[in-house]
Amino acid sequence: MATELRRVVFALLPGAHPGCLMPALSVLLSANRMAEEVCYQIECCTLDEQSVRADDGLLLQPAPLDQCAPGFAQLWLVAESLSASDHLPDWLAPRLREWQAEGVLIGGLEAGVAALAASGMLAGARCAVHWRMLDEFRERFPDVEAVTQLFVCGESLCSSSGGQASTDLLLSVVAREQGQDLAALVAEDLVIERMRDGAERQRMPLRNRLGSSHPKLTQAVILMESNIEEPLTTDEIARHVCVSRRQLERIFKQYLNSVPSQYYLELRLNRARQMLLQTSKSIIQIGLSCGFSSGPHFSSAYRNCFGVTPREDRNQRRAQQAAEGAAKDH
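Fair warning: this is a prediction, and the values are worked out from it, not measured in the lab. (Residues numbered from 1 in each chain as written. Predicted model: local features only at pLDDT ≥ 70, side-chain atom pairs only at ≥ 80, totals over all residues. Heavy atoms only, no water.)

1. Comments concerning the sheet that holds strand β11 (residues 157–160)
Part 1 of the argument: The strand order across the open sheet built from 7 strands is β5-β2-β1-β6-β7-β11-β10, with neighbouring strands paired in mixed fashion. One side of each edge strand has no neighbouring strand; the edge strands of this open sheet are β5 (63–64) and β10 (151–153).
Part 2 of the argument: As paired elements, strand β1 (residues 6–12) and strand β6 (residues 74–79) share 5 bridges and run parallel to each other. Residue pairing for β6: Ala11 is matched across the bridge by Leu77.
Part 3 of the argument: Helix-sheet contacts for helix α5 (residues 164–178) involve β1, β2 (40–46), β6, β7 (105–110), β10 and β11, and the interaxial angle to β10 is about 25 degrees. (Pairing = 2+ DSSP bridges. Helix = DSSP H or I, 4+ residues; strand = E, 2+ residues; numbered from the N terminus. Contact = heavy atoms within 4.5 Å. Axes fitted to C-alpha atoms, helices over the stretch in contact; angles between N-to-C directions.)

Following this line, the structure appears as structure tokens:
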């Protein structure tokens, strides 16, 4: 099987655990094993002189990216938090454009896509962002089209939503560069049932998340998730899924141990909390966008659910982030 040797560089952004590399790294190591020769030479770098120390004690001392020898074929920026892109070195953006012009495939894994966006590489382009980071990413980078696909991979720019999606992305890269036969062998070696297409949705099917395959329950929850800003009544939902209100309440009680109205309220409140902690939108804006008619109504429902008001919750998160930032500086 003919293969082509390619150098691959992983650049760990500040705060990234080396374990974030493993889904992508396992594909390249398996490709070498299945090809019975080294088709991928793998290197690890950071953006500065600092070593990488994880909370569990794992320590790496990679070389700085700007001192990496030229001639690599792929560069993957890896991060766990979008905030890792807040203080990128000035030299990174022009160097990324130079490498792209030289034919280097450049990608972001997990929150590493934010570094690409902050460097201007994704202006007007599409990229895959983990659903958990989606609101914050869209607020930070409104000129980028963030999607909830598993991954997006063009000729010179790629992005993965993270986790197993990084495995899928690297498998597609191996298939493109080394051939579908080798990629299929790698998938078998890693006990991967099938190679997922990048256009597939990130989140698991609703029936799996609910722990039930009851079709009426699934339809009802899909309706709820699609009508957050202007909530439907329980009677309206029952009509849409063609059951009586009493039948719908019985289904929710049996499978979710809840009533439709309470499940719907918690769904909206969880959505509100995600926006509250990930965006800078005002509390009243968030409340209205999640179907609450007034600030006091939103605040009261939020406190009943989470034990704190929206303002208290946001202030606590900001204080925690400030403390974590101060600890890293020291």
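2. Describing the nonpolar core
Part 1 of the argument: By size, the foremost hydrophobic cluster in this structure holds 36 residues, and its most contacted members are Leu65, Leu75, Leu96 and Phe137.
Part 2 of the argument: Elements represented by at least two residues in this core include exactly β1, β6, α2 (92–101), α3 (112–118) and α4 (134–140).
Part 3 of the argument: Every residue in contact with Leu65, bar those within four places of it in the chain, is listed here: Val9, Ala11, Cys45, Thr46, Leu47, Leu75, Trp91, Leu92 and Trp99.
Part 4 of the argument: Membership of the second largest hydrophobic core comes to 33 residues, among which are Phe10, Leu25, Leu170 and Ala187. (Core = buried A, V, L, I, M, F, W, Y, C linked by side-chain atoms within 4.5 Å. Buried < 20%, exposed > 50% of the residue type's maximum accessible area, 1.4 Å probe, protein only.)

3. Comments concerning unusual backbone geometry
Part 1 of the argument: Notably, Glu36 is not glycine yet its phi reads approximately 60 degrees, a positive angle.
Part 2 of the argument: By the secondary structure assignment, Glu36 is in the loop between α1 (22–35) and β2.
Part 3 of the argument: According to the relative accessible area criterion, Glu36 is exposed, its value standing at 72%.
Part 4 of the argument: A positive phi angle is found at Glu110, which is not glycine, with a value near 55 degrees.
Part 5 of the argument: With respect to the helices, strands and loops of the structure, Glu110 is situated in strand β7.
Part 6 of the argument: By relative accessible area, Glu110 is classed as buried at 18%.

4. Describing the environment of Gln74
Part 1 of the argument: Relative to the helices and strands, Gln74 resides in strand β6.
Part 2 of the argument: Classification of Gln74 by relative accessible area gives buried; the value is 0%.
Part 3 of the argument: In sequence terms Gln74 and Leu105 are 31 residues apart; their C-alpha atoms lie 4.6 Å from each other.
Part 4 of the argument: Of note is the side chain of Gln74, whose polar atom sits 2.8 Å from the side chain of Trp76. (Polar contact = N/O pair within 3.5 Å; in protein donor to acceptor, adjacent residues only side chain to side chain.)

5. Some thoughts on α1
Because each turn of an α-helix spans 3.6 residues, side chains separated by three or four positions in sequence point in the same direction.
Part 1 of the argument: In this model α1 runs 19 Å from its N-terminal to its C-terminal C-alpha over 14 residues, within 8% of the 20 Å that 1.5 Å per residue would give.
Part 2 of the argument: Looking only at α1, the buried set comprises Pro23, Ala24, Leu25, Val27, Leu28, Ser30, Ala31, Asn32 and Ala35.
Part 3 of the argument: Its buried side turned inward, α1 meets β1, β2, β7, α5 and α6 (180–189).
Part 4 of the argument: Two residues or fewer after α1 comes Glu36, characterised by a positive phi angle close to 60 degrees. (Expected span 1.5 Å × (residues − 1).)

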